[in-house]
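Below are the chains, spelled out letter by letter.
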Amino acid sequence: MQPYPARAVIDLDAIAANVATLDAGTSAEVMAVVKADAYGHGLVPAARAARRGGASWLGTAQVTEALALRAAGDTGRVLTWLYAPGAPLREAVEADVDVAVAAPWNVAALVEAARAAGRTARVHLKVDTGLGRNGVTPAQLPEVLDAAMRARAEGALDVVGVFSHFAFADAPQHPTVLAQAEEFARAVEAVERAGARLEVRHLANSAATVTNPSVHYDLVRPGIAVYGLSPVPDLSTSAELGLVPAMTFEAELASVKPLPAGHGVSYAHQYVTPTETLTGLVPVGYADGVPRHCSGTDGRPGAPVRIGARDLAIAGRVCMDQFVIDLGPGAREVAGDRVELFGNGADGGPTAQDWADAAGTISYEIVTRLGARIPRVYVGEGSRS
Ligand SMILES: *Cc1c(COP(=O)(O)O)cnc(C)c1O
């Protein structure tokens with residue numbers, strides 16, 4: 001029985017192997033980034049697979065994501081870096097989660113959390129070296145550092161890390177990469193000069209992990225590469241990087257039916273059958289994370305799909321719950337046949353990167369926006385625990 005006509009099959013061995021590959025390519029430790037439900041792959045199973053592959057750290061954006069790892073029994077090092085006033089910081093400190101200081105107000109909030117928890121908070125200073133997003137600017141750093149070191153003297157905080165994030169890591173030659181690396185080196189020096197005994201300095205996301213060993217420092221923070229997708233698709237495929245995409249999105253055909261030539265297909269008839277043909281109905285749509293931008297409209301085929309060994313494409317508009325493919329005259333497919341929307345690409349089948357290209361976006365958005373309605377099914381070691 002298939003209780004649901006679509007699923008994301010997550011290969012936990014691929015996640016473990018990808019982490020091992022990244023680990024083998026650096027002398028730094030690896031923090032597997034598991035924010036956003038592990039980029040749509042499922043937080044806890046993906047985190048366990050990443051640990052198995054050698055991740056000595058896990059990274060999350062939101063504090064609740066870090067707490068969910070602890071609730072699931074993860075006892076390793078975990079860093080969380082993005083929160084707003086009211087976040088459960090006391091719980092994070094109690095749970096032995098490392099927390100970023102990414103804005104001046106964070107210091108006092110963490111001191112209060114540490115006092116309430118009755119223990120020292122381990123913090124990593126997040127410096128905005130040029131991204132212009134989260135983190136304290138070089139101009140704010142002296143004041144934040146001063147406050148953090150005063151809290152350290154009182155035993156409330158321990159400054160164990162300094163980190164930053166690139167704006168153009170996927171374009172390794174971009175001049176901002178070197179400028180940010182230099183700014184980072186200055187920040188590290190300032191923090192060490194203030195007396196912090198740093199355990200980890202970290203700057204590299206996936207793209208910098210695979211392109212720029214000079215910025216690996218003590219710890220690299222890959223996210224997308226952990227899930228087997230290329231962080232630099234214009235430079236290297238995942239296969240070229242030795243990575244295996246971990247997610248396969250598949251569905252069963254709900255129906256197959258004949259349509260005459262010249263018949264409009266799906267909303268606004270953006271596709272018109274060129275001949276008498278058979279169409280197949282795939283029961284997933286934009287509510288499930290199939291981007292509407294993957295529609296086949298204006299004479300262009302939509303995102304690729306595969307049935308058996310046949311490469312086909314979305315015909316017409318993607319709807320909320322469904323889309324159509326033109327199977328062609330004489331097609332042998334029947335209702336219930338498996339359609340692969342994207343997978344590991346091993347046999348030349350479509351990948352999340354192909355879907356990103358079709359939608360004009362990045363693979364990150366394809367996998368992370370897979371709908372909550374789609375069941376995740378796990379294969380590989382640990383899939384039964
Ligand atoms: C998301 C994130 C990462 C991982 O980025 P990838 O491009 O997926 O490797 C690393 N560090 C920070 C601060 C992030 O927010």
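Residues numbered from 1 in each chain as written. Predicted model: local features only at pLDDT ≥ 70, side-chain atom pairs only at ≥ 80, totals over all residues. Heavy atoms only, no water.

## Regarding the site of the ligand
Inference 1: Lining the immediate surroundings of the ligand are 14 residues, of which Lys35, Tyr39, Ser206, Gly223 and Tyr364 lie closest.
Inference 2: A distance of 2.8 Å is found between an oxygen atom of the ligand and a backbone nitrogen or oxygen belonging to Gly223.
Inference 3: Notes on the ligand: free accessible area 390 Å², of which the protein chains cover 95%.
Inference 4: Class assignment of the residues belonging to the shell around the ligand gives a composition of 6 nonpolar, 4 polar and 4 charged. (Near = heavy atom within 4 Å. Polar contact = N/O pair within 3.5 Å; in protein donor to acceptor, adjacent residues only side chain to side chain. Areas by Shrake-Rupley, 256 points an atom, 1.4 Å probe, with all protein chains shown as cover. Nonpolar A, V, L, I, M, F, W, Y, C, P; charged D, E, K, R; others polar.)

## Some words on the sheet that holds strand E6 (residues 121–126)
Inference 1: Pairing is parallel in the closed barrel, where 8 strands are placed in the order E2-E3-E4-E5-E6-E7-E8-E9.
Inference 2: Here 2 bridges tie strand E8 (residues 200–204) to strand E9 (residues 219–220), and the two strands are oriented parallel to one another. Along E9, the bridge assignment pairs Ala204 with Val220.
Inference 3: Here helix H4 (residues 63–71) sits on the sheet and contacts strand E3 (57–60) and strand E4 (77–80); the angle it forms with E4, its principal contact strand, is near 160°. (Pairing = 2+ DSSP bridges. Helix = DSSP H or I, 4+ residues; strand = E, 2+ residues; numbered from the N terminus. Contact = heavy atoms within 4.5 Å. Axes fitted to C-alpha atoms, helices over the stretch in contact; angles between N-to-C directions.)

## Some points on helix H3 (residues 43–53)
Quick reminder: α-helices carry 3.6 residues per turn. Residues three or four places apart thus point the same way.
Inference 1: Turning to H3, its buried residues are Leu43, Ala46, Ala47, Ala49, Ala50, Arg51 and Gly53.
Inference 2: The secondary structure elements touched by the buried residues of H3 are helix H1 (12–24), strand E2 (29–33), helix H2 (35–39), E3, H4 and E4.
Inference 3: Following H3 by one or two positions, Gly54 has its phi on the positive side, about 115°. (Buried < 20%, exposed > 50% of the residue type's maximum accessible area, 1.4 Å probe, protein only.)

## Things to note about the pairing of strand E1 (residues 6–11)
Inference 1: Counting buried positions along E1 gives 5 out of 6 residues, so the element sits mostly inside the fold.
Inference 2: Inspection of the sheet shows E1 paired to strand E10 (residues 247–252) by 5 bridges, in the antiparallel sense. Looking at E10, one finds that Arg7 is bridged to Glu250.
Inference 3: Relative to strand E19 (residues 376–379), E1 runs parallel, the two being bridged by 4 bridges. Pairing of Val9 across the sheet is with Val377, part of E19.

## What about unusual backbone geometry?
Inference 1: Despite not being glycine, Asp96 has its phi angle at roughly 65°, a positive value.
Inference 2: For Asp96, the location among the structural elements is in the loop between helix H5 (89–94) and strand E5 (98–101).
Inference 3: The residue Asp298 is not glycine, and still its phi comes out positive at about 55°.
Inference 4: Summarising the element assignment, Asp298 is placed in the loop between strand E14 (277–282) and strand E15 (304–307).

## Let's talk about the packing of H3 against H4
Inference 1: At a minimum axis separation of 10 Å, H3 and H4 run at an interaxial angle of 70°. With respect to their mutual orientation, H3 and H4 come out roughly perpendicular. Every pair of crossing elements has a handedness; the one defined by H3 and H4 is right-handed. On H4, the residues touching Leu43, Val44 and Ala47 of H3 are Glu65, Ala68 and Leu69.
Inference 2: Grouping the constituent residues of the contact of H3 with H4 by class yields 5 nonpolar, no polar and 1 charged. (Parallel < 35°, antiparallel > 145°, perpendicular 65-115°, else oblique. Left-handed = near helix turned anticlockwise from the far one by under 90°.)

## Here's the deal with the domain arrangement of the chain
Inference 1: What the domain assignment reports for the chain is domain 1 (12–227) and domain 2 (247–379).
Inference 2: Distance between the C-alpha centres of domain 1 and domain 2: 38 Å.
Inference 3: Taken together, the 9 residues of domain 1 in the interface contact 8 residues of domain 2.
Inference 4: Applying the counting criterion to the domain 1 and domain 2 interface returns 0 salt bridges. (Domains from an automatic or database assignment. Salt bridge = Lys/Arg side-chain N within 4 Å of Asp/Glu carboxyl O.)

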